[in-house]
Number of protein chains: 2
Amino acid sequence: MRMAELSAASGVPVATVKYYLREGLLPGGRRVGPNQADYTDGHVKRLRLVCALREIGGLSLAEVADVLGALDAGRAARVVLGVAQDGRVSGRPVPAAARAWALAHVGRLLGEAADDADAAVANLVTVLAVCHGLGHEAVSGRLAQYAALAREVAAVDAALIDDVGPARRPAETALITTLLGERLFAGLRHCALVDALGAAPAGA
Amino acid sequence: MRMAELSAASGVPVATVKYYLREGLLPGGRRVGPNQADYTDGHVKRLRLVCALREIGGLSLAEVADVLGALDAGRAARVVLGVAQDGRVSGRPVPAAARAWALAHVGRLLGEAADDADAAVANLVTVLAVCHGLGHEAVSGRLAQYAALAREVAAVDAALIDDVGPARRPAETALITTLLGERLFAGLRHCALVDALGAAPAGA
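*Asks:* I'd like a rundown of the relation of the copies chain B and chain A, residues and numbers included.
*Replies:* If you rotate chain B by 180° and push it 0.0 Å along the axis, it lands on chain A with an RMSD of 0.0 Å. What we have between these two chains is a two-fold relation. Taking C-alpha positions as the reference, the residue of chain B nearest the rotation axis is Leu149 of chain B, at 3.5 Å. The overlap is high: 100% of the interface residues of chain B also sit at the interface in chain A, so the same surface is used on both sides.

*Asks:* Lay out the interface of chain B and chain A with the relevant residues and their values.
*Replies:* Across the boundary between the two partners, chain B contributes 81 residues, which contact 81 residues of chain A. For the pair chain B and chain A, the summed buried surface comes to about 7,600 Å²; carbon and sulfur atoms form 71% of the total. Broken down residue by residue, the surface that chain B buries against chain A is led by Leu134, Leu184 and Arg189 of chain B, which jointly contribute 10%. The interface formed by chain B and chain A contains 4 salt bridges.

*Asks:* Please set out the packing of aromatic side chains residue by residue, giving values where relevant.
*Replies:* By the definition in use, this model includes 3 aromatic pairs over all chains. An angle of 5° between the planes, with centres 5.1 Å apart, marks the rings of Phe185 of chain A and Phe185 of chain B as stacked. One end of the pair, Phe185 of chain A, is in helix α9 (residues 170–199); the other, Phe185 of chain B, is in helix α9 (residues 170–199), on a second chain. In this pair, the class of Phe185 of chain A matches that of Phe185 of chain B, namely buried. Ring geometry for Tyr19 of chain B against Tyr20 of chain B: centres 6.3 Å apart, planes inclined by 45°, an arrangement best described as tilted. Taking the relative accessible area as the measure of exposure, Tyr19 of chain B reaches 33% and is therefore partly exposed.

*Asks:* Explain a negative patch on the surface to me, using residue names and the numbers behind them.
*Replies:* All names here are of chain A. Taken together, the side chains of Asp66, Asp86, Asp115, Asp116 and Asp118 present a region of like negative charge at the surface. In this fold, Asp66 is placed in helix α4 (residues 61–72). For Asp66, a relative accessible area of 49% puts it in the partly exposed group.

*Asks:* Give a detailed account of the pairing of strand β1 (residues 30–33) of chain B, specifying residues and quantitative values.
*Replies:* Across a regular strand the side chains alternate sides, sitting on one face of the sheet and then on the other. All names here are of chain B. Here β1 runs beside strand β2 (residues 36–38); their pairing, made up of 3 bridges, is antiparallel. Counterpart to Arg31 in the pairing with β2 is Ala37. What sits between the antiparallel neighbours β1 and β2 is a turn of 2 residues.

*Asks:* Quick one: what's the story with the nonpolar core, residue by residue and with numbers?
*Replies:* Within soluble globular proteins, side chains that are nonpolar generally end up buried alongside one another. Membership of the largest hydrophobic core comes to 135 residues, with the highest contact counts inside it found for Leu53, Leu175 and Leu180 of chain A together with Leu53, Leu175 and Leu180 of chain B. Apart from the residues lying within four places of it in its own chain, the contact partners of Leu53 of chain A are Gly58, Leu59, Val64, Val67, Leu68, Leu175 and Leu179 of chain A.

*Asks:* So, the pattern of salt bridges: which residues are in play, and what are the values?
*Replies:* For the structure on display, the rule yields 14 salt bridges over all chains. Asp38 of chain B is the partner of Arg30 of chain B in a salt bridge, and the nearest nitrogen-oxygen pair spans 3.8 Å. Exposure remark for Arg30 of chain B: the relative accessible area of 55% places this residue in the exposed category. Put simply, Asp72 of chain B and Arg46 of chain B hold a salt bridge, and the shortest N to O gap is 2.8 Å. You can see Asp72 of chain B sitting in helix α4 (residues 61–72) and its partner Arg46 of chain B sitting in helix α3 (residues 41–56), a full 26 residues away along the chain. When salt bridges with common partners are traced through the structure, they connect Arg46, Asp72, Arg169 and Glu172 of chain A into a single cluster.

The rules behind each value
- Residues numbered from 1 in each chain as written.
- Chains lettered and ligands numbered in written order.
- Predicted model: local features only at pLDDT ≥ 70, side-chain atom pairs only at ≥ 80, totals over all residues.
- Heavy atoms only, no water.
- Least-squares fit on C-alpha atoms with pLDDT ≥ 70 in both.
- Contact = heavy atoms within 4.5 Å.
- Buried area = accessible area lost by both parts, 1.4 Å probe.
- Salt bridge = Lys/Arg side-chain N within 4 Å of Asp/Glu carboxyl O.
- Phe/Tyr/Trp six-rings, centres within 6.5 Å; stacked < 30°, edge-to-face > 60°.
- Helix = DSSP H or I, 4+ residues; strand = E, 2+ residues; numbered from the N terminus.
- Buried < 20%, exposed > 50% of the residue type's maximum accessible area, 1.4 Å probe, protein only.
- Patch = residues over 30% accessible without salt bridge, like charges linked within 9 Å, V, L, I, M, F, W, Y side chains within 5 Å.
- Areas by Shrake-Rupley, 256 points an atom, 1.4 Å probe, with all protein chains shown as cover.
- Lys, Arg positive; Asp, Glu negative; His and termini not counted.
- Charge placed at Lys NZ, Arg CZ, Asp CG, Glu CD.
- Pairing = 2+ DSSP bridges.
- Core = buried A, V, L, I, M, F, W, Y, C linked by side-chain atoms within 4.5 Å.

Given below as structure tokens:
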């Protein structure tokens, strides 16, 4: 298909498609004339993935490039998931006392897996430290329950990755399952909490 | 405290604090001179909340203003949570077939609560439709499991809101619990999934 058709099929404006081509997020089409190239369904799928990572996953363009680079290099699912976590740490410094408090709680929760150099662990520590700064330390009393449920959700994620099987690269399935799954799960949780608050006078 | 101290205590640059004052996100201080005002711990807390909503919650400044407006007006927790969902729908149009497919699945899941005019439901439908567009329809086979676990997580959220009790406005607690809790839970889920993928050869 031509550029105009690629744009229509993916819902991405031509100027944006050209920008993604220049940035290397989208491989070039097969050249069929001095100013024309032919694109495939693979290009449409790639554009949809870029948009999903940006708009639903909340990744910046640079982060999308890093994640796609890891995917294209055939890195393992857990490596790709790690790259997707890299950009998500808030840059704001949190007070040392709040960070120490958060690190102690995350350490107790994850045991020896609590390596602060890991982006996912650093994210957890930052979010928890911000809760502390907001006077929301009570969350620490519920962390073990959240962690236990997170393990159950991750087991469903792993089963879903198996459902899809080798028809898709497991790393890509894992990425979609977690980045889009994060928003999906948050939506389901929101609906359930609104129900729960409606049932209890405390939330009225 | 003076403006410089407010900036130091909150970690927010003076220029940004002044901007938030002009935008009405932060109430003015008590005037103590022609060019001086006095700020309180309440101002520090408010600045921390604005930063958390922006940087961890991923809300835009306009969305933060809407959410704080609902909080300040004393709206119920579920109303404030709904306002926080409003800005989160991706603007990109999804193909009608994908949307219909997603709406049918969400309808089956939520029953009569599946009102597409509700921002949270619209978000769910959009995320699911994007999964469809990515060829990730298999997620629909796991939706009921995710929804059941989301109800368990929401029960922990509701318990946490009760833990904090009336010392804080329940709507503010609910907001922190869900917006920061979303990132916290995603981090825990990520760590658990990386563990699970490490244990199974499929993820290697």
